[in-house]
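Chain residues, written in single-letter form:
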Amino acid sequence: GAGVSQSPSNKVTEKGKDVELRCDPISGHTALYWYRQSLGQGLEFLIYFQGNSAPDKSGLPSDRFSAERTGGSVSTLTIQRTQQEDSAVYLCASSRDGGYTFGSGTRLTVV
Amino acid sequence: GENVEQHPSTLSVQEGDSAVIKCTYSDSASNYFPWYKQELGKGPQLIIDIRSNVGEKKDQRIAVTLNKTAKHFSLHITETQPEDSAVYFCAASKSNYQLIWGAGTKLIIKP
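Here we summarise the structure given alongside this text. Quantities reported herein were computed from a predicted structural model and do not represent experimental measurements.

1. Section: the interface of chain B and chain A
Facing the 14 residues of chain B at the interface are 17 residues of chain A. Considering only the surface of chain B that becomes buried against chain A, Pro44, Gln98 and Trp101 of chain B emerge as the three largest contributors, covering 44% of it. Inspection of the chain B/chain A interface yields zero salt bridges. In this structure, the connection of chain B to chain A is made through five residue pairs in polar contact (both at pLDDT 80 or more). Broken down by element, the side of chain B that touches chain A gets its largest block of residues, three residues, from strand β4 (residues 32-38) of chain B. Split by residue class, the side of chain B that touches chain A holds seven nonpolar, five polar and two charged.

2. What to know about the sheet that holds strand β3 (residues 19-25) of chain B
Residue and element names in this part refer to chain B. Ordered by their spatial adjacency, five strands build an open sheet running β1-β3-β8-β7-β6, and the pairing between neighbours is antiparallel. The outermost strands of the open sheet, each flanked by one partner alone, are β1 (4-7) and β6 (56-59). The mean angle between the axes of side-by-side strands here comes to 15°, regardless of whether they run parallel or antiparallel. Judged from the four bridges that link them, β1 and β3 form a sheet pairing that is antiparallel. Paired with Gln6 across the bridge in β3 is Cys23.

3. A short note on the sheet that holds strand β1 (residues 5-7) of chain A
Residues and elements named next belong to chain A. Across the sheet, which stays open at both edges, the four strands sit in the order β1-β3-β7-β6 with antiparallel pairing between neighbours. In this open sheet, the two edge strands, each paired with only one partner strand, are β1 and β6 (65-69). Neighbouring strand axes in the sheet, compared pairwise and without regard to direction, differ in orientation by 15° on average. Of the strand pairs in this sheet, β1 and strand β3 (residues 19-24) are connected by three bridges, and their pairing is antiparallel. When the sheet's bridge partners are listed, Ser7 is paired in β3 with Arg22.

4. Examining the pattern of salt bridges
On inspection of all chains with the given rule, the structure shows nine salt bridges over all chains. When the shortest N-O distance is used, the salt bridge between Asp86 of chain A and Arg64 of chain A registers 2.8 Å. Of this pair, Asp86 of chain A sits in the loop between β7 (75-79) and β8 (88-95) while Arg64 of chain A sits in the loop between β5 (44-50) and β6, and the two are 22 residues apart along the sequence. Judged on exposure class, the residue Asp86 of chain A and its partner Arg64 of chain A are both buried. Ionic pairing is found between Glu39 of chain B and Lys42 of chain B, a salt bridge with its closest N-O pair at 3.5 Å. Since its relative accessible area comes to 28%, Glu39 of chain B is described here as partly exposed. In the salt-bridge network here, residues are joined through shared partners; they are Lys37, Glu39 and Lys42 of chain B.

Conventions used here
- Residues numbered from 1 in each chain as written.
- Chains lettered and ligands numbered in written order.
- Predicted model: local features only at pLDDT ≥ 70, side-chain atom pairs only at ≥ 80, totals over all residues.
- Heavy atoms only, no water.
- Contact = heavy atoms within 4.5 Å.
- Buried area = accessible area lost by both parts, 1.4 Å probe.
- Salt bridge = Lys/Arg side-chain N within 4 Å of Asp/Glu carboxyl O.
- Polar contact = N/O pair within 3.5 Å; in protein donor to acceptor, adjacent residues only side chain to side chain.
- Helix = DSSP H or I, 4+ residues; strand = E, 2+ residues; numbered from the N terminus.
- Nonpolar A, V, L, I, M, F, W, Y, C, P; charged D, E, K, R; others polar.
- Pairing = 2+ DSSP bridges.
- Axes fitted to C-alpha atoms, helices over the stretch in contact; angles between N-to-C directions.
- Buried < 20%, exposed > 50% of the residue type's maximum accessible area, 1.4 Å probe, protein only.

Quick look at the structure:
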């Protein structure tokens, strides 16, 4: 597609449940990033995939968070045993030559 | 590692006036400096970028200036309009490294 696609756009889940967030990057973009953004706050880096290299997981806040990127394309961010503090907008971006293109994000609400 | 500081955190200007947002960076090897605009409910969008081999770049009402010696760069918006109201993020990176982000500036255009 023409842009970065994220799904779902909104997700409400109960505390303790697992959630999966999907990102479909721009075709040909080798780099893929996940960020978290709490209301009115900046961009918190979570994880970075570059080609076939091992991902940079240094931003993941706990071992409840994991992500994978299959076939160098689609990525899934998984949050296990969700907590209320996980409520935020999760943004995905892809890049080829430096500039990032962001998706519209998934707004996650944990109740 | 790289650190990017952005000021001010909030900027309120009268419609038609100019707005300037400033960022400083710490790593002298950084060579790519983009600016992103984030409207409510959307992901950040690239509005202008500059590489370290130039000092200024313009695109209609927006311009970015770069001072490599002082390690700072600025976004200038002239003749501000209501649709310029948004959060603006600066970022910096070295070649083949991921972007390091400023904390964001909320720009408010007063009618």
